[in-house]
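# Examining the three-dimensional arrangement
Here's the letter readout for the chains.
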Amino acid sequence: MKVADRLDIAFGERAGALHQLRLVGQLELGNLLRLDGVADAAWATDETSGLDQELLAGVGLQGTFIGPWDTLVQIDLGTPVAGPDDGIVAYVVFLKLFD
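Residues numbered from 1 in each chain as written. Predicted model: local features only at pLDDT ≥ 70, side-chain atom pairs only at ≥ 80, totals over all residues. Heavy atoms only, no water.

## Quick look at the pattern of salt bridges
Our working rule: Salt bridges, as used here, are contacts in which a Lys or Arg side-chain nitrogen is within 4 Å of a carboxyl oxygen on Asp or Glu. Counting from the N terminus, the helices are the DSSP runs of H or I reaching at least four residues and the strands are the DSSP runs of E reaching at least two. For each residue, the accessible area found with a 1.4 Å probe, counting protein chains only, is set against the maximum for its type, and the residue is called buried under 20%, exposed over 50%, and partly exposed in between.
Scanning the entire structure with this criterion turns up two salt bridges. The shortest N-O distance in the salt bridge between Asp40 and Arg22 comes to 2.9 Å. In this pair, Asp40 is assigned in strand 3 (residues 33-46) and Arg22 in strand 2 (residues 17-29), connecting sequence segments 18 residues apart. Residue classification places Asp40 among the partly exposed positions, given a relative accessible area of 24%. Residue Arg34 pairs with Asp36 through a salt bridge whose shortest N-O separation is 3.4 Å.

Here's what the structure looks like:
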């Protein structure tokens, strides 16, 4: 069984006055399981929404694994840690694999 891990760090500027930092760590166990930990932070300025160099940040966990009866299960969980929003977002998808 092959185990791989990865850490990506990116910083950039997007349209307007948005500066973004993204951290991604990945753990992979062969074809059985893939987990990604994600952290994003952005400093945004937008006149329409009233943002003026406001910090927007969040963390999340994404995963993919093979479930029972040859189903592919994809899970995305995330929550904001800075900014105007709050709460938890969960997205779960079940896909059936046919031969």
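## Observations regarding the environment of Trp69
You can see Trp69 is positioned in the loop between strand 4 (51-66) and strand 5 (71-82). Judged by its relative accessible area of 72%, Trp69 falls in the exposed class.

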